[in-house]
Amino acid sequence: MTTRPTPPPSASTTSTKRRSASTPPRALLLDLDGVLLDTRPVMEKAWHEVQAAHGLDMPFASYERHLGREFNDIMHRLGVGDAELVHETYERASRSASHLAQEFAGIAEVLHAFAAADWWLGVVTSKPLDRAAPLLAQLGCPFATVRTPSSVGRAKPAPDPILLALIDLGVDPSEATYVGDMAVDQESAARAGVAYVHAGWGYGQPTSPTPEILASPQELLQLLHSVEPSAPFIEGSLV
């Protein structure tokens, strides 16, 4: 699914320097689980319901190891049959437990700082659209595109969803950064030719070559101000 891009809004209390026509647009793309929102409690509860309903004895840690991949891909890697039935149970349980998801501290303020600096914001996730959309709405951020397995193309670790998001935004790969927390995110970014930053506050570890690893969402501002030292802050925000 994609949303039609609209210009990121500047803060009403901040005088924002707009990008000139000769300056190429920049994009910050982010994964959802483990980057924008802490959804581990949701996923763990849903997996326990899958275990009970389908008699699976695999611990949640086995499922968690493959986060970032499309659900059926994970089931294949775990050797789970009846993936569609399992997926139905997992989806139903995830929706029921969605209230357990919490945004990571400071992430919304950081995203608004990027928007105020005239960057496009986008989400590339392996979570289905019907579950991703209400979670993203909690953040109240101006995401100009959202790419999920519901879209066309292959899922991560293929480069397709990242490249499709950049097509939506009209941004070159050289002007984009993808923020993820799993090795599959790192591989997808590399195959797309997009710079990768690893969210150290998330759920997984990067692979070689070791990317830049940030300890908190607030450290993303280093990226913003290394590119645009005069980028504005939003009055009253935590950043």
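Up top is the structure.
Now for a quick tour of the structure. Please read all numbers here as calculations on a predicted model, not as lab measurements. (Residues numbered from 1 in each chain as written. Predicted model: local features only at pLDDT ≥ 70, side-chain atom pairs only at ≥ 80, totals over all residues. Heavy atoms only, no water.)

### Notes on the pairing of strand 5 (residues 143-147)
Test applied: Each residue's exposure class comes from its accessible area (1.4 Å probe, protein chains only) as a fraction of the maximum for that residue type: buried when under 20%, exposed when over 50%, partly exposed otherwise. Elements are defined by DSSP. Helices are runs of H or I of four residues or more, strands are runs of E of two residues or more, and each kind is numbered from the N terminus. DSSP bridges decide pairing: two strands pair if at least two such bridges lie between them.
For strand 5, a buried count of five out of five residues is recorded, marking the element as mostly surrounded by other parts of the structure. As defined by bridge partners, strand 4 (residues 120-124) adjoins strand 5 across four bridges and the pair is classed as parallel. Looking across to strand 5, one finds that valine 124 is bridged to arginine 147.

### Some remarks on the sheet that holds strand 8 (residues 212-214)
Let me state the cut-off plainly: Axis lines are fitted to C-alpha atoms, over the contacting stretch for helices. Their N-to-C directions set the angle, which ranges from 0 to 180 degrees.
Strand order in the open sheet made by the six strands is 5-4-1-6-7-8, with parallel pairing throughout. Each having just a single partner strand, strand 5 and strand 8 make up the two edges of the open sheet. The average undirected angle you get between the axes of adjacent strands in this sheet is 25°.

### Re the packing of aromatic side chains
What counts is decided by this rule: Between 30 and 60 degrees the pair is tilted, below 30 it is stacked and above 60 it is edge-to-face, where a pair is any two Phe, Tyr or Trp rings, Trp via its six-membered ring, whose centres lie within 6.5 Å.
Here the structure, examined in full by the defined rule, presents six aromatic pairs. Their ring planes at 35° and their centres at 6.1 Å tell us that phenylalanine 60 and tyrosine 63 sit as a pair that is tilted. Placement of the pair is phenylalanine 60 and tyrosine 63 together in helix 2 (residues 60-64), with a separation of three residues, close to one helical turn. Residue classification places phenylalanine 60 among the buried residues on the basis of a relative accessible area of 6%. Tyrosine 63 sits in the buried class, given a relative accessible area of 4%. Pairing phenylalanine 71 with tyrosine 90 gives two aromatic rings, centres 5.0 Å apart and planes at 40°, and the pair type is tilted. Residue phenylalanine 71 is found in helix 3 (residues 71-78), and its partner tyrosine 90 is found in helix 4 (residues 83-96); the two are separated by 19 residues along the sequence. Taking relative accessible area as the criterion, phenylalanine 71 reaches 5% and is therefore assigned buried.

### Examining the pairing of strand 4
Stated formally: Whether a crossover is right-handed comes down to one check: with the strands pointing away from the viewer, does the path from the first strand over the helix to the second run clockwise; if it does, it is right-handed.
Burial runs high along strand 4: five of the five residues are buried. Across the two faces of strand 4 the burial is the same, with Trp120, Gly122 and Val124 and Leu121 and Val123 all buried. Where strand 1 (residues 27-30) meets strand 4, four bridges bridge the pair, whose relative direction is parallel. Counted as the bridge partner of leucine 28 is leucine 121 from strand 4. Chirality of the crossover, the property in question, places the unit of strand 4, helix 6 (residues 129-137) and strand 5 among those that are right-handed.

### Looking at the side chain of glutamine 51
Put simply, the rule reads: Definition of a polar contact: a pair of N or O atoms within 3.5 Å, with one able to donate and the other able to accept a hydrogen when the atoms are protein atoms, and with sequence-neighbouring residues admitted only if both atoms are side-chain atoms. Only heavy atoms matter for contacts: two residues are in contact if any of them lie within 4.5 Å across the pair.
Looking at the secondary structure, you find glutamine 51 in helix 1 (residues 40-54). Of the polar contacts made by the side chain of glutamine 51, one reaches the backbone oxygen of methionine 58; its length is 2.5 Å. Setting aside anything within four residues of it in sequence, one finds glutamine 51 in contact with Leu56, Asp57, Met58 and Pro59.

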